[in-house]
Amino acid sequence: MEQAVIDKVKELIKQAKRVCILTGAGVSAESGISTFREAQDGKGLWSQYDPKQLASLDGFLQDPEKVWQWYQWRREVNQDKKPNPAHITIAQWQKQAKASGKQEVTLVTQNVDGLHQQAGSDPEKYEVVDIHGNIWQNHCLQCGEKHLEDVTGVQQVPECKSCGGQVRPSVVWFGEALDEKKWQAAETAAFCCDLFLSIGTSSQVYPAAGLMMLAKSQGAKIVEINPEPTQSSVIDYQIKGKAGIMLSKVVS
Ligand code: BV8
Ligand code: ZN
């Protein structure tokens, strides 16, 4: 069964004119970055907290120091992580597609780890739309100004140089709206594609999880790559496996 699905998906990728790829934490798993749920490693300092609580505006407002330190811990444990074959295969595919002029490959990622960008997917050319932001950047909660200083090892919440406000990580928290422009680009990519690949995401977080339905509603073929298939009924082809291994099988 598996090989037949892989052959079919390989064919679809070759024929597709416009491809929309949505990635989640699973594509960074083989780089050693724990997925959102594993982030609480069960024994560490943070295991008693719920990530949805910490990764939320309310959580920050209630205890800015605790949320800031959780991000500092995540940045510390992830600063040496490198792109894995999944990130690299996608970036190379995008380059080849662009060079051939025959195919558009838009990558929408829920990940904030910056590994797609490190692998060569270029945010400037809208090749990667990081709809949940970027954990390596910070800005002021009050005035929005970017905080460009290096915050390595800073345990207190930094103060904004312009307005004295609180500096926060430039990620989208639960309960916060996504960046308008980025979300528009993501919706357009899902609406216009003829092939939608959902890779390494549990499809539980909205509005990102709705992109697959949007693609399906306008007739795109839906492919999922995940060792634990989600039960979404709109999926046409399910490849059960790790992104780093399966992607190199279907993208020639
Ligand atoms: C919004 C950045 C509205 C932060 C993230 C009730 C109350 C409150 C809110 C809601 C609610 N119900 C719905 C909502 C909306 C909420 C939501 O969807 N909640 C969920 C939990 C139900 N969404 C929001 O709040 C969004 N904003 O709706 O705003 C609004 C509108 C206008 C004005 C004001 C407000 C914002 C959502 C963004 C949250 N930020 N990240 C940070 O990182 O610190 S989400 C974060 O979690 C990730 O970015 C990611 O999106 C998500 C985790 O999901 P996945 O990436 O799928 O990862 P997960 O661990 O779940 O799964 C990993 C998968 O990989 C698994 O399936 C596994 O099998 C697979 N895998 C493992 N290994 C591999 C693999 N796959 C391939 N290869 C492998 N090797
Ligand atoms: Zn400010």
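Residues numbered from 1 in each chain as written. Chains lettered and ligands numbered in written order. Predicted model: local features only at pLDDT ≥ 70, side-chain atom pairs only at ≥ 80, totals over all residues. Heavy atoms only, no water.

Donor atoms from the polypeptide that bind the zinc ion (ligand 2) are Cys140 (SG), Cys143 (SG), Cys160 (SG) and Cys163 (SG), placed at 2.3 Å. The site at the zinc ion (ligand 2) holds four donor atoms, and with the angles between them running 103 to 118°, its shape is tetrahedral. (Donors = N, O, S within 2.8 Å, 3.2 Å for Na, K, Ca; no water. Tetrahedral: all angles 85-135°; square planar, octahedral: opposite > 155°, others 65-115°.)

Strands sit in the order E3-E2-E1-E6-E7-E8 across an open sheet of six strands; the sheet is parallel. Edge positions in the sheet fall to strand E3 (128-130) and strand E8 (237-239), since each has one partner strand and no second. Each neighbouring strand pair of the sheet contributes to a mean axis angle of 15°, computed without reference to strand direction. Note that strand E7 (residues 221-225) and E8 share three bridges and pair parallel. (Pairing = 2+ DSSP bridges. Helix = DSSP H or I, 4+ residues; strand = E, 2+ residues; numbered from the N terminus. Axes fitted to C-alpha atoms, helices over the stretch in contact; angles between N-to-C directions.)

Our focus in this paragraph is the site of ligand 1. In the vicinity of ligand 1 there are 33 residues, among which Tyr71, Arg74, Gly175, Ser202 and Asn226 approach most closely. The separation between a nitrogen atom of ligand 1 and a polar main-chain atom of Glu176 is 2.7 Å. For ligand 1, the accessible surface in isolation is 1500 Å², of which the surrounding protein chains cover 72%. (Near = heavy atom within 4 Å. Polar contact = N/O pair within 3.5 Å; in protein donor to acceptor, adjacent residues only side chain to side chain. Areas by Shrake-Rupley, 256 points an atom, 1.4 Å probe, with all protein chains shown as cover.)

Burial runs high along strand E1 (residues 18-23): five of the six residues are buried. Across six bridges, E1 lies against strand E2 (residues 104-109) in parallel orientation. In the strand pairing of E2, Ile21 is matched with Leu107. Alignment of E1 against strand E6 (residues 195-199), held across five bridges, turns out to be parallel. Of the residues in E6, the one forming a bridge with Val19 is Leu195. (Buried < 20%, exposed > 50% of the residue type's maximum accessible area, 1.4 Å probe, protein only.)

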